[in-house]
Amino acid sequence: MAIQVYSIEKPAVPRRALIASILLLLLASCLAAAMTWARSSDAPGSRVEPEGWSMSFRPPRRFDGTFGLTTLGPAYQFDGSVRPEGVAILVAYRLEGTSADGARDVCERVLGAHFGVSIPPVGRARFAWFDRKLGPLDAVEVWEPLIDVLVRAVVLEHGDAYAVSVAVRGGRISPETYRLFDQTCSSIEFRTP
């Protein structure tokens, strides 16, 4: 009986080992490319730096934005489809001269604008979190379950306030939509006016 011993100098089948190595390298490269593409598809889009604002931010990629004046002041509204809810509406507001108001009051003003009319506080259950961030600054986040709108706001030292809200047209806010909202709020940078 003959026994053959294979070593590095004498591999069992040189071509098979080379082909297997190349295939494994291609498979690993394809997997890495697929994972990178999947993560980058939800990455924030290009930075929006409104003139006259102390704030700049990155809205979610694939969201279309428009600038306009609202009853609260200047705002950027971004619309984009989110699965399976429908169309998410993300709005960044600049509210001037709100130094007397706290961040929670700013959230209440934005929610009032979403309602269109003032809703009496009796019977309402709004939820507030005081440990959120708007960029590097501490912010307040308020959720109104009746209309399913989230607002996160901060008041700067010079008196202007900035708020970001999210809602889903004809649907509820899912964890994925909240992640896009939180990602936008985290991308915010403030600069001195």
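The following refers to the structure shown. (Residues numbered from 1 in each chain as written. Predicted model: local features only at pLDDT ≥ 70, side-chain atom pairs only at ≥ 80, totals over all residues. Heavy atoms only, no water.)

1. Notes on the overall build of the protein
And step 1. Looking only at helices and strands, the protein features three helices and nine strands.
And step 2. Along the chain direction, N to C, the helices and strands of the protein fall in the order α-β-β-β-β-α-β-β-β-β-α-β.
And step 3. For the protein, contacts bridging at least 24 residues in sequence account for 50% of all contacts bridging at least 6.
And step 4. As presented, the protein carries roughly 11800 Å² of accessible surface, and 60% of it is formed by carbon and sulfur atoms. (Helix = DSSP H or I, 4+ residues; strand = E, 2+ residues; numbered from the N terminus. Contact = heavy atoms within 4.5 Å. Areas by Shrake-Rupley, 256 points an atom, 1.4 Å probe, with all protein chains shown as cover.)

2. Considerations on the packing of aromatic side chains
And step 1. Under the definition given, this model contains nine aromatic pairs.
And step 2. Arranged with centres 6.4 Å apart and planes meeting at 70°, the rings of Phe 57 and Tyr 76 form a pair that is edge-to-face. One end of the pair, Phe 57, is in the loop between strand 1 (55-56) and strand 2 (64-69); the other, Tyr 76, is in strand 3 (residues 74-82), with 19 residues separating them in the sequence.
And step 3. Here Phe 67 and Tyr 76 contribute two aromatic rings whose centre-to-centre distance is 4.9 Å and whose plane-to-plane angle is 55°, an arrangement assigned as tilted.
And step 4. Here the aromatic cluster, defined as three or more aromatic residues joined through ring pairs, consists of Trp 53, Phe 57, Phe 67, Tyr 76, Phe 78, Tyr 162 and Phe 190. (Phe/Tyr/Trp six-rings, centres within 6.5 Å; stacked < 30°, edge-to-face > 60°.)

3. Considering unusual backbone geometry
And step 1. Of note in this structure, Arg 62 is not a glycine but carries a positive phi near 70°.
And step 2. Relative to the elements of secondary structure, Arg 62 occurs in the loop between strand 1 and strand 2.
And step 3. Even without being glycine, Asp 148 reaches a positive phi, approximately 55°.
And step 4. Mapped onto the elements, Asp 148 comes out in the loop between strand 6 (137-144) and strand 7 (149-155).

4. A word on the sheet that holds strand 8 (residues 161-169)
And step 1. Read from one edge to the other, the open sheet built from seven strands follows the order 2-3-4-8-7-6-5, with strand pairing classed as antiparallel. Each edge of the open sheet is held by one strand with a lone partner, namely strand 2 and strand 5 (127-134). Going from strand to strand, the sheet's axes swing by 20° on average, the running direction of each strand aside.
And step 2. As paired elements, strand 5 and strand 6 share six bridges and run antiparallel to each other. (Pairing = 2+ DSSP bridges. Axes fitted to C-alpha atoms, helices over the stretch in contact; angles between N-to-C directions.)

5. A short note on the pairing of strand 8
And step 1. Among the nine residues that make up strand 8, eight are buried, leaving the element largely enclosed by the rest of the structure.
And step 2. Across nine bridges, strand 4 (residues 86-95) lies against strand 8 in antiparallel orientation. Each residue of the ladder has a partner; that of Val 91, found in strand 8, is Ser 165.
And step 3. Hairpin connection, strand 7 to strand 8: the antiparallel pair is bridged by five residues, and Gly 159 has positive phi, about 105°. (Buried < 20%, exposed > 50% of the residue type's maximum accessible area, 1.4 Å probe, protein only.)

6. What to know about the side chain of Glu 141
And step 1. Along the chain, Glu 141 turns up in strand 6.
And step 2. A distance of 2.6 Å separates polar atoms of two side chains, one belonging to Glu 141 and the other to Arg 152.
And step 3. There is a polar contact of 3.2 Å between the side chain of Glu 141 and the side chain of Tyr 178.
And step 4. Those residues in contact with Glu 141 that sit more than four places away from it in its chain are Phe 127, Ala 128, Trp 129, Arg 132, Leu 150, Val 151, Arg 152, Tyr 178 and Phe 181. (Polar contact = N/O pair within 3.5 Å; in protein donor to acceptor, adjacent residues only side chain to side chain.)

7. Comments concerning the pattern of salt bridges
And step 1. Enumeration according to the criterion identifies nine salt bridges in this entry.
And step 2. Arg 152 is the partner of Glu 141 in a salt bridge, and the nearest nitrogen-oxygen pair spans 2.6 Å. Of this pair, Glu 141 sits in strand 6 while Arg 152 is found in strand 7, placing the two residues eleven residues apart along the sequence.
And step 3. By relative accessible area, which is 1% here, Glu 141 ends up buried.
And step 4. According to the relative accessible area criterion, Arg 152 is buried, its value standing at 1%.
And step 5. With its nearest N and O atoms 2.7 Å apart, the salt bridge here joins Arg 179 to Glu 176. One end of the pair, Arg 179, and the other, Glu 176, are both in helix 3 (residues 175-186), three residues apart, so they sit about a helical turn from each other.
And step 6. What makes Arg 179 partly exposed here is its relative accessible area of 33%.
And step 7. Judged by relative accessible area, Glu 176 falls into the partly exposed class, the value being 33%.
And step 8. Salt bridges linked by common partners bring Asp 131, Arg 132, Glu 141, Arg 152 and Asp 182 together as one network. (Salt bridge = Lys/Arg side-chain N within 4 Å of Asp/Glu carboxyl O.)

By themselves, these figures tell us nothing about what the structure is for.
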